[in-house]
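Working through the structure, step by step
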Amino acid sequence: MMKDLHRRAVVADAHNDLLCAVATRPPEEWASFFRTRWLPQLQAGGVDLQVLPVFIDDPYRPEGALRRTLRMIEAAHRLAEGNADAVALCLTGGDVDRAIAGGRIALVLALEGMPGIGEDVELLQTVHRLGVRIGSIAHFGRAAFGDGSGEDAAGSRLTRAGVRAVAEMERLGMLFDVSHLGAGGVDHVLELATRPVMATHSSARALRDHHRNLSDEQIRGIAATGGVVCVNFFAPFLHESEYTLDVLVDHLEHVAAVAGVDRVGLGPDFVREVLDDTTPPCCVVDTVEGVPANAYLPGLEGPEGLPLVTDALLRRGWAEPDVLAVLGGNLQRLLRVELGAPGDGA
């Protein structure tokens with residue numbers, strides 16, 4: 001039953017940093033590396049829709065952030081062109097629906113933190129022209145548009161440029177992602193938003209009191225905009241010490257109870273292989289934001305483990321329509337509405 005349901009489902013992953021690993025290779029290897037290393041994992045996990053964040057590591061900031069951003073965007077285009085039989089880089093909701101209906105993985109580009117943009121709000125239109133359709137404006141630290149969640153003690157909201165960025169993203173039809181944004185910034189965005197807001201990889205603060213997670217009020221606020229909260233799988237953000245699949249399901253159930261089952265999705269943030277692949281031995285870190293950096297849910301270290309989520313939801317007694325919604329139906333619907341209806345041209 002589980003295998004059949006997972007095969008029938010649209011499975012959507014709202015956050016996988018695989019582009020970081022792809023872009024470290026020489027350009028002539030981008031497509032082949034994706035095909036040999038990542039495509040089999042995505043297919044094994046049944047992934048139909050993959051959001052590809054452009055994350056800029058510290059060594060590239062600030063001077064090389066824009067160059068690195070453009071390199072990663074180009075890598076996404078080339079890996080899609082070189083694997084056109086299996087994936088499609090999508091610009092509209094129609095593109096997403098057609099790719100999935102045709103048996104290909106729909107790829108959607110996102111910016112994480114936007115260090116390459118700085119205060120230049122006009123560059124949002126530039127990256128939109130290049131295919132970016134989702135964006136967050138901060139990571140753990142301070143940024144031009146607002147502070148990351150690691151700066152919550154400052155109590156800050158968005159900057160003037162950040163307020164302009166929200167309006168510009170709405171004008172462009174680029175989904176605003178609140179993951180990593182500080183609590184004050186999330187509240188500010190929810191005050192300003194006139195279009196749906198999403199969280200690509202955030203869990204429930206009521207179950208794990210960590211600054212990377214969202215409060216119930218924030219979860220309700222995102223749902224009220226028509227957005228979706230995609231739950232992060234990173235084990236230390238789910239529980240202080242118990243790293244199990246059941247803890248992940250607890251967060252999915254909590255968000256569903258607070259926001260409604262039609263406002264929940266998956267934002268796994270599979271980072272183990274990316275970190276192993278891109279971090280030199282000299283620079284390995286043991287903790288991130290006060291939690292273990294190398295703790296993962298058993299079996300969910302990568303996308304091939306996603307069928308375990310379907311099985312766990314069914315064992316908890318979830319109805320099939322609700323499982324289908326959370327696995328990917330909700331995110332596909334959001335992209336269909338916000339990025340354009342089926343039949344739109346790319």
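Residues numbered from 1 in each chain as written. Predicted model: local features only at pLDDT ≥ 70, side-chain atom pairs only at ≥ 80, totals over all residues. Heavy atoms only, no water.

**Points about the overall build of the chain**
Stated precisely, the cut-off is as follows: Where helices and strands are cited, they refer to DSSP runs of H or I of at least four residues and of E of at least two residues respectively, numbered from the N terminus. The size measure is the radius of gyration over C-alpha atoms, and the globule rule it meets is 2.2 Å times the number of residues to the 0.38 power. Relative accessible area decides the class of each residue, using a 1.4 Å probe on protein chains only: under 20% of the type maximum gives buried, over 50% gives exposed, and in between gives partly exposed. Note on contacts: a residue pair qualifies if any of its non-hydrogen atoms lie within 4.5 Å across the two residues. Under the convention used here, a 1.4 Å probe and the Shrake-Rupley method define accessible areas, while residue burial counts only the protein chains that appear. Charge assignment in this entry is limited to Lys and Arg as positive and Asp and Glu as negative, and neither His nor the chain termini are counted. Taken as the charge centre is NZ of Lys, CZ of Arg, CG of Asp or CD of Glu, depending on the residue.
Counting its secondary structure elements, the chain contains 14 helices and 11 strands. For 346 residues, the compact-globule estimate of 2.2 N^0.38 gives 20 Å, and the C-alpha radius of gyration of the chain, at 18 Å, lies within 12% of that figure. Dimensions of the chain along its principal axes, counting C-alpha atoms only, are 50 × 45 × 45 Å. Across the 346 residues that make up the chain, the buried fraction comes to 58%. Considering only residue pairs separated by 6 or more positions, the chain has 73% of its internal contacts joining residues 24 or more positions apart. By element, 50% of the accessible surface of the chain is carried by carbon and sulfur atoms, the whole surface being about 13500 Å². Distance from the positive charge centre (31 side chains) to the negative charge centre (48 side chains) of the chain: 4 Å.

**With respect to the packing of aromatic side chains**
Condition: Side-chain rings of Phe, Tyr and Trp (the six-membered ring for Trp) are treated as a pair once their centres are within 6.5 Å; stacked means planes under 30 degrees apart, edge-to-face means over 60, and tilted covers the remaining angles.
Applying the stated criterion across every chain, the model contains three aromatic pairs. Each ring, one from Phe-234 and one from Phe-237, has its centre 4.9 Å from the other, and the planes form 80°; the classification is edge-to-face. Its relative accessible area of 7% is what places Phe-234 among the buried residues. An aromatic cluster is built from Phe-234, Phe-237 and Tyr-296, whose rings are joined through pairwise contacts.

**Overview of the pattern of salt bridges**
For clarity, the cut-off: For salt bridges, the criterion is a side-chain nitrogen of Lys or Arg within 4 Å of an Asp or Glu carboxyl oxygen.
Scanning the model with the defined rule gives 17 salt bridges in all. Between Asp-85 and Arg-35 there is a salt bridge whose closest N-O contact spans 2.8 Å. Note that Asp-85 is positioned in the loop between helix 4 (65–82) and strand 3 (87–89) and Arg-35 in helix 3 (residues 30–44), a separation of 50 residues in sequence. Using a relative accessible area of 35% as the deciding quantity, one classes Arg-35 as partly exposed. A salt bridge links Arg-316 to Glu-253, with the nearest nitrogen and oxygen atoms 2.8 Å apart. Separated by 63 residues along the polypeptide, Arg-316 in the loop between helix 13 (307–315) and helix 14 (320–338) and Glu-253 in helix 11 (residues 245–259) bring together distant segments of the chain. Exposure remark for Glu-253: the relative accessible area of 27% places this residue in the partly exposed category. Here the salt bridges do not stand alone but share partners, grouping Asp-246, Asp-250, Glu-253 and Arg-316 into one network.

**Let's talk about helix 3**
Inclusion rule: For a helix, the expected span equals 1.5 Å multiplied by the number of residues minus one. Two axes enter the definition of the bend at a residue: one is fitted to the seven residues ending there, the other to the seven starting there, and the bend is the angle between them.
For helix 3, spanning 15 residues, the distance from its first C-alpha to its last is 20 Å, which sits close to the expected 21 Å at 1.5 Å a residue. At Trp-38, helix 3 shows its maximal bend, which comes to roughly 45°, and the proline Pro-40 appears one to four places after that position. Of all the positions in helix 3, only Trp-30, Ala-31, Phe-33, Phe-34, Trp-38, Leu-39, Gln-41 and Leu-42 are classed as buried. Following helix 3 by one or two positions, Gly-46 adopts a phi angle in the positive range, close to 75°.

**A few points about the confidence of the model for the chain**
Note the threshold: On a scale of 0 to 100, pLDDT captures the predictor's confidence in every residue.
Per-residue confidence for the chain averages 94 on the pLDDT scale, and 97% of its residues sit at or above 70. Of the regions scoring below 50 in pLDDT, residues 341–346 engages in 16 contacts with residues more than four places distant in sequence or in other chains.

**Let's talk about unusual backbone geometry**
Notably, His-180 is not glycine yet its phi reads approximately 80°, a positive angle. Counting through the fold element by element, His-180 comes out in the loop between strand 6 (175–177) and helix 8 (183–192).

**Remarks on helix 4**
Under the convention used in this document: Comment: arc refers to directions from the helix axis out to C-beta atoms.
A rise of 1.5 Å per residue sets the reference length of helix 4, with its 18 residues, at 26 Å; its end C-alpha atoms lie 25 Å apart and thus fit the reference within 8%. Along helix 4, the residues classified as buried are Ala-65, Arg-68, Thr-69, Met-72, Ile-73, Ala-75, Ala-76, Leu-79 and Ala-80. Burial along helix 4 is one-sided: seen end-on, the buried residues are contained in an arc of 150°. Opposite its buried face, helix 4 presents the exposed residues Arg-67 and Glu-81, each directed more than 90 degrees away.

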